[in-house]
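# Descriptive structure summary
The lines below spell out each chain.
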Amino acid sequence: MTTETYGTSRRAGETPYTVGAVTSRDGTTISYRQIGRGPGVVILHGAMETSASHMQLAAALADSYTFYAPDRRGRGLSGPAGGDYGMRREVEDLDALLAQTGARYVMGVSAGGLVLLRAARELPAIQKAALFEPALLADRARAAAIRAALDRELDCGDLTAALVTGMKSAEMGPPIFQKLPNWLLERLTGMAMIAEEKKAQPGDVTMRMLAPTLRQDFQLVAEMAGPVERFRGIHAEALLLGGSKSPTYLRAGLDAIQTILPEAPRVEFQGLDHGATGPTDHGGKPEVVAPALARFFA
């Protein structure tokens, strides 16, 4: 495993960060953004996100911590997911990053929270684990059906259908979206993709680029679906985070985790939803989430 530094960001209005990379066990390059000073914290993003998604959150704490935000494999500057993709590869990627950076604290959001939930049981290097609404589904059959639907849509190149399947399955967006017909949502999604691409700057990762990665994220959901008792071996100190307006199944997932981690503190951000940790232009409130992380990592 090796690490390499590529340079510093130059985009106007953006907090400068270093870009580096580490090589995972199977030879895949995992790129990451680095910002701040102090003890190391790794942030694992969720579905339809990249390393850029939590840089505002990292910047809010950069005076006290060094943040490493990787592009999870298959996204951004990182290498491909690979034919043998699964939770094992994600844990190996995190292990490689922890080994090279010396970071001992990790935050995982949604699908990234699933990775952290598994890694916190297997990687002794993790001392503190902040879990923001891991995308846990109790119903294994439902998780498998969602993954199968995404496979069909992505295999035939229907990205808008896959995005709608992912959005509805994860219960993202306004509640009215669940009642609208798929054909209408697909048309609206297609229009949004075109509008986004017209505004995209060099280096931006768009919805069209990220849509195929839904296959990987929902594979993780399928692997991790079911009872949470198998995670009782978590050794790291944990913090449970969520929003009061998040979907019921995500809050239920935190309830279940709390039964196996009864001593873990839990923070619910009133009025916020699953996007709370993201950038402000996507509805996030990183300035609200940051203090809870600061207290925990301190």
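Residues numbered from 1 in each chain as written. Predicted model: local features only at pLDDT ≥ 70, side-chain atom pairs only at ≥ 80, totals over all residues. Heavy atoms only, no water.

### Some words on the pairing of strand β8 (residues 237–243)
- Counted residue by residue, β8 has 6 buried out of 7 residues, so it is predominantly covered.
- In this structure, strand β7 (residues 128–132) lies alongside β8, joined through 5 bridges in parallel fashion. By the bridge assignment, K128 is partnered in β8 with E237.
- The pairing of β8 with strand β9 (residues 266–269) spans 4 bridges and is parallel. Among the inter-strand pairings, L240 is bridged to a residue of β9, identified as R266. (Buried < 20%, exposed > 50% of the residue type's maximum accessible area, 1.4 Å probe, protein only. Helix = DSSP H or I, 4+ residues; strand = E, 2+ residues; numbered from the N terminus. Pairing = 2+ DSSP bridges.)

### Looking at unusual backbone geometry
- Backbone geometry places E133, a non-glycine residue, at a positive phi of 40°.
- Along the polypeptide, E133 turns up in the loop between β7 and α4 (140–155).
- Accessibility expressed as a relative area gives 0% for E133, which makes it buried.

### Quick notes on the packing of helix α5 (residues 159–170) against helix α6 (residues 182–199)
- The contact between α5 and α6 brings their axes to 9 Å, and the two run at 110°. The orientation of α5 relative to α6 falls into the category roughly perpendicular. Seen from above, α5 lies across α6 with right-handed handedness. Along its contact with α5, which presents L159, T160, A161, L163, V164, M167 and K168, the element α6 presents N182, L185, E186, T189, G190 and M193. (Axes fitted to C-alpha atoms, helices over the stretch in contact; angles between N-to-C directions. Parallel < 35°, antiparallel > 145°, perpendicular 65-115°, else oblique. Left-handed = near helix turned anticlockwise from the far one by under 90°. Contact = heavy atoms within 4.5 Å.)

### A closer look at empty space enclosed by the protein
- Taken as a whole and assessed by the stated rule, the structure comprises 1 cavity of 30 Å³ or more.
- Its volume calculated, the largest cavity comes out at about 70 Å³.
- What lines the largest cavity is I30, L44, P70, D71, R72, R73, E90, D93, L94 and L97.
- In terms of residue count, the dominant contributor to the lining of the largest cavity is helix α2 (residues 87–101) (4 residues). (1 Å grid on protein atoms, 1.4 Å probe; cavity = no way out; pocket = protein on both sides within 12 Å on 5 of 7 lines; lining within 4 Å. Points joined across faces, edges and corners; volume = space filled by probe spheres on them.)

### Here's the deal with the packing of aromatic side chains
- Scanning the entire structure with this criterion turns up 5 aromatic pairs.
- If you follow K128 out to its NZ or CZ, it ends over the ring of Y105, 5.5 Å from the centre.
- Lying across the ring of F296, K128 places its NZ or CZ 5.4 Å from the centre. (Phe/Tyr/Trp six-rings, centres within 6.5 Å; stacked < 30°, edge-to-face > 60°. Lys NZ or Arg CZ within 6 Å of the ring centre and 35° of its normal.)

### Looking at the pattern of salt bridges
- In the structure shown here, the tally under the stated rule is 17 salt bridges.
- Between D26 and R89 there is a salt bridge whose closest N-O contact spans 3.6 Å. Of the two residues, D26 is situated in the loop between β2 (18–23) and β3 (29–36) and R89 in helix α2; the sequence distance between them amounts to 63 residues.
- A relative accessible area of 31% means that D26 is categorised as partly exposed.
- Between R215 and D151 there is a salt bridge whose closest N-O contact spans 2.9 Å. Of this pair, R215 sits in helix α8 (residues 214–224) while D151 sits in helix α4; the two residues are 64 residues apart in sequence, bridging distant segments of the chain.
- Taken together, the salt bridges that share partners define one network made up of R25, D26, R73, D84, R89, E92 and D93. (Salt bridge = Lys/Arg side-chain N within 4 Å of Asp/Glu carboxyl O.)

### A few points about the side chain of H54
- With respect to the helices and strands, the residue H54 is situated in the loop between β4 (40–44) and α1 (55–60).
- Residue classification places H54 among the buried positions, given a relative accessible area of 2%.
- Once residues within four sequence positions are removed from consideration, H54 is found in contact with I43, H45, E49, V109, T277 and G278.

### A short note on the packing of helix α3 (residues 111–122) against α8
- Taken N-terminus to C-terminus, the directions of α3 and α8 make an angle of 45°; their axes are 9 Å apart at the nearest point. As summarised for this structure, α3 and α8 are arranged oblique, according to the angle between their axes. Of the two possible hands of crossing, α3 and α8 adopt the one that is left-handed. Contact residues: α3 offers A111, L114, V115, L117 and R118, while α8 offers D217, L220, V221 and M224.
- A class-by-class count of the residues in the contact of α3 with α8 yields 7 nonpolar, no polar and 2 charged. (Nonpolar A, V, L, I, M, F, W, Y, C, P; charged D, E, K, R; others polar.)

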